[in-house]
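Examining the three-dimensional arrangement
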Amino acid sequence: MKTNIFVLGLSLFSMTVFAQKDQVKNAEDAIDDGNYAEAKAQLKIAEQNLGELNDKWTENFYFYKGKAYMGSGNASAADLKIAAEAFQKAAEMGSDEAAESLMALKNNLIQSAIDDQNKEDFESAADKLYTSYELSKKDTIYLYYAANNLVQAQNYTKAVEYLEMLSEMDYDGSGTEYTAVNVENGAVESFGSKDQRDLMVKTEQYKDPAVREIPSKKGDVAQLIARIYISQKEYDKAIAAMDKAKATNPDDMSLLKAEANMYYQMGDKEKARTILEDLAEKDPNDAETLNNIGLMYAEIGDTKKAVEFYDRALAIDEEMNNARINKVAAILSKERKIIDEMNGLGMSKADNERYEELDEERKELYAEVVPILEKAIEIEPNNTDAIKTAMNIYSNLGNQEKVDEMKAKLNQ
């Protein structure tokens, strides 16, 4: 009697294993037919007694589960995550095909996120990028990109959650970036790894693979956190986030710039300027910082200091047209006072004499900025703002030949 019970139990066990193998095989057939829903259903049944399958069939189970959840290319981020985990398990058990499928899935996920970005579907892009990060926690760049997409989507609650995660892990983000040109739209796009980039180039959807060095993103992360908290008027949190970032990276220049920008956004422009001036002392060859200091002096009407810093910026980078145009604006800001006084004069002889003096002062201002504008236009021939400003000045100086020349440039 006991023997019969044992034999019966053994038979039931064998039948269960055979049934599971059939279900895995049925899932394979359903995948071949493109019936992914049926494949999932078969695999869910087989999964209930997965421990009874041998290693080879378990490997097959995970491989087909990955294919079923990956589907034909329009799977959700949640399904793609399940697929990736399944491929990972099959690959760990020795399946080279699963390892290749996992790589292809990751590439498809990133490409899908890029497509979403191009369509300005930032929430979906963020979801896929975060899934990519979860699949490979060493690829923290995807968490950074996910946070940035959430900022674009104005989902600040989740964005700051991801950014705080990056801050906690002291994310740097500097290193080597692998890029290629999208054949369809001509845009240069970056990829998480050389292998991923090279695989996409092989599809002929991308060309011109290249490598470029990327700077630290610590300042960007701190600045984004601060910006979000500032937008929510949580100034204490913004300052705390910046102080925390600086505590672990006191010599990071990008963080000092981010801190200055933070105080500027908060309305404390004097504090922002002080930070930038300290930064300029530490790095006197940073033309961008010098230009920004000039802008801050211009805001408080200190034209002399503003021009001084613009000139310092241009001495470092003579191609920096922003500083050149800002210098023109600073010099011409003196015109307002001259015009106001001219408009307030009467018709007496003394007033007429003063009017002539003021008019001469105004023309001297124009003469001072003409060569600066000409240089700006030489560097940027299509800078319409510079061309229009030059045209107005030439008109006030009575130089019709130059007015016509500027008009011709605008119509090119």
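First, a word on scope: everything that follows refers to the structure included in this document. All of these numbers come straight from a predicted model, not from anything done at the bench. (Residues numbered from 1 in each chain as written. Predicted model: local features only at pLDDT ≥ 70, side-chain atom pairs only at ≥ 80, totals over all residues. Heavy atoms only, no water.)

Looking at the overall build of the chain
When its secondary structure is counted, the chain shows 20 helices and three strands. With respect to the three principal axes, the spread of C-alpha positions in the chain is 135 × 50 × 35 Å. The buried share of the chain, reckoned over its 412 residues, is 41%. Sequence-distant contacts, at least 24 apart, represent 54% of the contacts inside the chain between residues at least 6 apart. Counting every atom, the chain has about 22,600 Å² of accessible surface; 47% of that belongs to carbon and sulfur. If you average the places of the 50 positive and of the 78 negative side-chain charges in the chain, the two averages end up 2 Å apart. (Helix = DSSP H or I, 4+ residues; strand = E, 2+ residues; numbered from the N terminus. Buried < 20%, exposed > 50% of the residue type's maximum accessible area, 1.4 Å probe, protein only. Contact = heavy atoms within 4.5 Å. Areas by Shrake-Rupley, 256 points an atom, 1.4 Å probe, with all protein chains shown as cover. Lys, Arg positive; Asp, Glu negative; His and termini not counted. Charge placed at Lys NZ, Arg CZ, Asp CG, Glu CD.)

Digging into helix α11 (residues 235–248)
Here α11 contains 14 residues, and its C-alpha end-to-end distance of 21 Å stays within 8% of the 20 Å for a straight helix at 1.5 Å per residue. Looking at the packing, one finds that the buried side of α11 touches α10 (218–231) and α12 (253–265). (Expected span 1.5 Å × (residues − 1).)

Focus on the packing of helix α2 (residues 36–47) against helix α3 (residues 55–70)
Closest axis-to-axis distance for the α2/α3 pair is 9 Å, and the angle between their directions is 145°. The chirality of how α2 crosses α3 is left-handed. Residues Y36, A39, K40, L43, K44, A46 and E47 of α2 lie in contact with α3, whose contacting residues are F61, Y64, K65, K67, A68 and Y69. Of the residues assigned to the contact of α2 with α3, the class counts are eight nonpolar, no polar and five charged. (Axes fitted to C-alpha atoms, helices over the stretch in contact; angles between N-to-C directions. Left-handed = near helix turned anticlockwise from the far one by under 90°. Nonpolar A, V, L, I, M, F, W, Y, C, P; charged D, E, K, R; others polar.)

A word on the pattern of salt bridges
If you walk through the whole model with that rule in mind, you get 28 salt bridges. R354 serves as the salt-bridge partner of E341, at 2.8 Å between the closest nitrogen and oxygen. Here R354 lies in helix α18 (residues 349–379) and E341 lies in helix α17 (residues 335–343), a separation of 13 residues in the sequence. A salt bridge links K402 to E374, with the shortest nitrogen-to-oxygen separation between them at 3.9 Å. Within this pair, whereas K402 is found in helix α20 (residues 400–410), its partner E374 is found in helix α18, the two being separated by 28 residues in sequence. Given the relative accessible area of 36%, E374 is considered partly exposed. Each member of the salt-bridge network shares a partner with another, and the members are E341, R354, E357 and E361. (Salt bridge = Lys/Arg side-chain N within 4 Å of Asp/Glu carboxyl O.)

Considering the environment of S76
Relative to the assigned elements, S76 resides in the loop between α3 and α4 (77–92). On a C-alpha basis, the gap between S76 and L109 in space is 9.8 Å, while along the polypeptide they are 33 residues apart.

A few points about the sheet that holds strand β3 (residues 206–214)
As summarised here, the arrangement of the three strands in space is β2-β1-β3, forming an open sheet in which the pairing is antiparallel. Unpaired on one side and paired on the other, β2 (188–191) and β3 mark the two borders of the sheet. When strand polarity is set aside, the average angle formed by the axes of neighbouring strands in this sheet is 35°. Relative to β2, strand β1 (residues 175–182) runs antiparallel, the two sharing four bridges. Bridging from a neighbouring strand, A180 pairs with E189 of β2. (Pairing = 2+ DSSP bridges.)

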